[in-house]
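Single-letter residue listing:
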Amino acid sequence: MKERWITIFLDSFWKILLPGLKLTLPLTALSFLFALIIAVMVALIQFADVKGLKQLARFYVWVIRGTPVLVQLFVVFYGLPSLGILLEPFPAAVIVFSLNEGAYASETVRAALEAVPKGQIEAGYCVGMSWLQIMRRIVLPQAMRTAFPPLSNSLIGLLKETSLAANITVAEMFMSAQRIVARTYEPLLLYLEVGLIYLFFCTILTKLQSIGERRLKTYGGTK
Amino acid sequence: MSLLEIRGLRKSFGSLQVLKGIDLDVNTGDVVAVLGPSGSGKTTFLRCLNFLERADEGSYTFDGKVFDLGKMKKQDIAGIRRKTAFVFQNFNLFANRTALGNVTEGLITARKMTKPEAERIGREVLDKVGLSERYDYYPEQLSGGQQQRVAIARALATDPEIIFFDEPTSALDPELIGEVLNVMRELASEGMTMLVVTHEISFAKQVSNRVVFMENGMVLEAADSGEFFAAPKEARVREFLRTLREHGN
Ligand SMILES: Nc1ncnc2c1ncn2[C@@H]1O[C@H](COP(=O)(O)OP(=O)(O)OP(=O)(O)O)[C@@H](O)[C@H]1O
Ligand SMILES: [Mg+2]
């Protein structure tokens, strides 16, 4: 019994880790990158109070945050084909996770933008800078510092959430584990194993977060 | 020669009328002190002059060009801002830039100067305010007095025709006020045109050549500095000066 467990554990380790490296991590990284771009744009639109666009931004955040990501995955992957839009599983997952994470992250970024003292924006105007220049060079860099810990948190959350992509046939880590369970009938062992690998990935991200935070702590480091 | 001429400046916040028709003349080389009780509209007035706040009406003559404050165009505002500078009560330094970065930022982005050229000017103005040892320090690594001197250097870097100061020493610990006032004194002696909202009566007495006393959104008295302090006309001004003296100013 014990030996069988060890054999299965070792045999399946690479079979789970490999899809993790080939699918889970790229899915997480790509989605998070696009989410950040969406988040900054959506946050800036609201921060600048762009008429019309601001309502659109609020609507987007409202819809995304108000519906389960699983439903969003199903709508995009299984629903859109009836409108003639056929997507491969992986791109469909990237689109859904980007839009989903983008909505949450935009709220984080917006709060961080609001936290930058308004006086610095006025000072920027007084030395002749334009709104965009002030945002790009003064406000956003400071806001991204503030937003770094909560965004790291979101990244860790997203990594685990990508397991939902199994539902739209993306053969990422969780689905790989499921397949091995179907073959070996060892659910406890394999689900613990895949959990362990998620834990391993998240530990690395947590470590990176604390290194990043230490670096960003003060301007000019310790002088 | 008149550099800045304001006539009938009005400003309301909602239904609250804060400025009720302000007139002001500033000649090149003037140091004008703006005094007045809290809430009289001094800050709002100064902010209107640099368009951080938009006045409702009034006429604004700068460098011989006349503008209608009710309908300022974007490029008019940009044009005036190029020739003016603002020093805030709470410094408002860019937290993510060093002292030198704070001073050069506007030169590089707004004036399209090359970095070496901007840094040459930046070092020059930081030296002038006595911060040659602090080029690479971030605002959070500087004392309040040093931060305000960086802010003054940032104002000087753009070579303005006038600098607006809004209570530049009010946020400072008492022992740090002197270093900032000394820098301002030096600027005055070099002929820099300045409009200074302040509660530092002795500074106003020594450095300004004109005084404007505001109350309740209006100019109650405007006079040459000597005259103003020797024999203020308005009873309200006399009372204000007496109260300040009693509080050890
Ligand atoms: N953004 C604003 N919205 C509404 N009311 C404002 C705003 N800014 C200023 N006020 C009001 O306008 C009046 C004048 O304020 P202001 O700050 O110009 O006075 P001040 O003379 O600078 O006072 P202090 O000496 O305390 O700095 C006050 O009654 C203030 O409450
Ligand atoms: Mg004020």
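Because the structure is predicted, anything quoted here is derived from the model rather than measured.

The next subject is the packing of helix H6 (residues 131-161) of chain A against helix H8 (residues 187-216) of chain A. Residues and elements named next belong to chain A. The N-to-C vectors of H6 and H8 enclose an angle of 175 degrees; their axes lie 10 Å apart at closest approach. Judged by the inter-axis angle, H6 sits roughly antiparallel to H8. Judged by residue contacts, Arg145, Phe148, Pro149, Ser152, Leu155, Ile156, Leu159 and Lys160 of H6 engage Tyr198, Phe201, Cys202, Leu205, Thr206, Gln209, Gly212, Glu213 and Leu216 from H8. For the contact of H6 with H8, the per-class residue count stands at 10 nonpolar, 4 polar and 3 charged.

For the rest of this paragraph, the subject is the interface of chain B and chain A. Facing the 24 residues of chain B at the interface are 20 residues of chain A. Together, the buried faces of chain B and chain A total about 2,000 Å²; carbon and sulfur atoms form 58% of this surface. By the criterion of area lost to chain A, the three top residues of chain B are Arg81(B), Phe94(B) and Asn96(B), representing 24% of everything that side buries. At the boundary of chain B with chain A, the tally comes to 2 salt bridges. When the shortest N-O distance is used, the salt bridge between Arg137(A) and Glu105(B) registers 2.4 Å. One can count 8 residue pairs in polar contact (both at pLDDT 80 or more) joining chain B with chain A. Secondary structure elements with two or more residues in the side of chain B that touches chain A: strand S6 (84-87) and helix H3 (99-109) of chain B. Split into classes, the residues belonging to the side of chain B that touches chain A amount to 9 nonpolar, 7 polar and 8 charged.

This part is about the nonpolar core. One finds Leu9(B), Leu49(B) and Tyr60(B) to be the most contacted residues of the largest nonpolar core, which totals 73 residues. With 10 residues, H6(A) is the single largest residue contributor to this core. Tyr135(B), Ala157(B), Val183(B) and Leu187(B) belong to the second largest nonpolar core, which has 40 residues in total.

In this section: the site of ligand 1. Residues and elements named next belong to chain B. Surrounding ligand 1, one finds Phe13, Val18, Pro37, Ser38, Gly39, Ser40, Gly41, Lys42, Thr43, Thr44, Glu167 and His199. Between an oxygen atom of ligand 1 and a side-chain N or O atom of Thr43, the distance comes to 2.7 Å. The protein chains hide 60% of the 630 Å² of surface that ligand 1 would expose on its own. Per-element accounting of the shell around ligand 1 gives the leading share, 3 residues, to helix H1 (residues 42-49). When its residues are assigned to classes, the shell around ligand 1 shows 3 nonpolar, 7 polar and 2 charged.

All names here are of chain B. Counted residue by residue, strand S7 (residues 162-166) has 5 buried out of 5 residues, so it is predominantly covered. Going residue by residue along S7, you find Ile162, Phe164 and Asp166 tucked away on one face and Ile163 and Phe165 tucked away on the opposite face as well. Two strands pair when backbone bridges link them, and S6 and S7 are joined in this way by 4 bridges, in the parallel orientation. What sits directly across from Thr84, in S7, is Ile162. As paired elements, S7 and strand S8 (residues 194-197) share 4 bridges and run parallel to each other. Each bridged residue has a counterpart across the sheet, and for Phe165 the counterpart in S8 is Val196. In terms of handedness, the path from S7 via helix H6 (residues 174-189) over to S8 forms a crossover that is right-handed.

This part takes up H8(A). Between the first and last C-alpha of H8(A) there are 43 Å, a value that for 30 residues agrees with the 44 Å anticipated at 1.5 Å per step. Among all positions of H8(A), only Leu189(A), Leu190(A), Glu193(A), Val194(A), Ile197(A), Tyr198(A), Phe201(A), Cys202(A), Gln209(A) and Gly212(A) are buried.

Conventions used here
- Residues numbered from 1 in each chain as written.
- Chains lettered and ligands numbered in written order.
- Predicted model: local features only at pLDDT ≥ 70, side-chain atom pairs only at ≥ 80, totals over all residues.
- Heavy atoms only, no water.
- Axes fitted to C-alpha atoms, helices over the stretch in contact; angles between N-to-C directions.
- Helix = DSSP H or I, 4+ residues; strand = E, 2+ residues; numbered from the N terminus.
- Parallel < 35°, antiparallel > 145°, perpendicular 65-115°, else oblique.
- Contact = heavy atoms within 4.5 Å.
- Nonpolar A, V, L, I, M, F, W, Y, C, P; charged D, E, K, R; others polar.
- Buried area = accessible area lost by both parts, 1.4 Å probe.
- Salt bridge = Lys/Arg side-chain N within 4 Å of Asp/Glu carboxyl O.
- Polar contact = N/O pair within 3.5 Å; in protein donor to acceptor, adjacent residues only side chain to side chain.
- Core = buried A, V, L, I, M, F, W, Y, C linked by side-chain atoms within 4.5 Å.
- Buried < 20%, exposed > 50% of the residue type's maximum accessible area, 1.4 Å probe, protein only.
- Near = heavy atom within 4 Å.
- Areas by Shrake-Rupley, 256 points an atom, 1.4 Å probe, with all protein chains shown as cover.
- Pairing = 2+ DSSP bridges.
- Right-handed = clockwise from strand over helix to strand, strands pointing away.
- Expected span 1.5 Å × (residues − 1).

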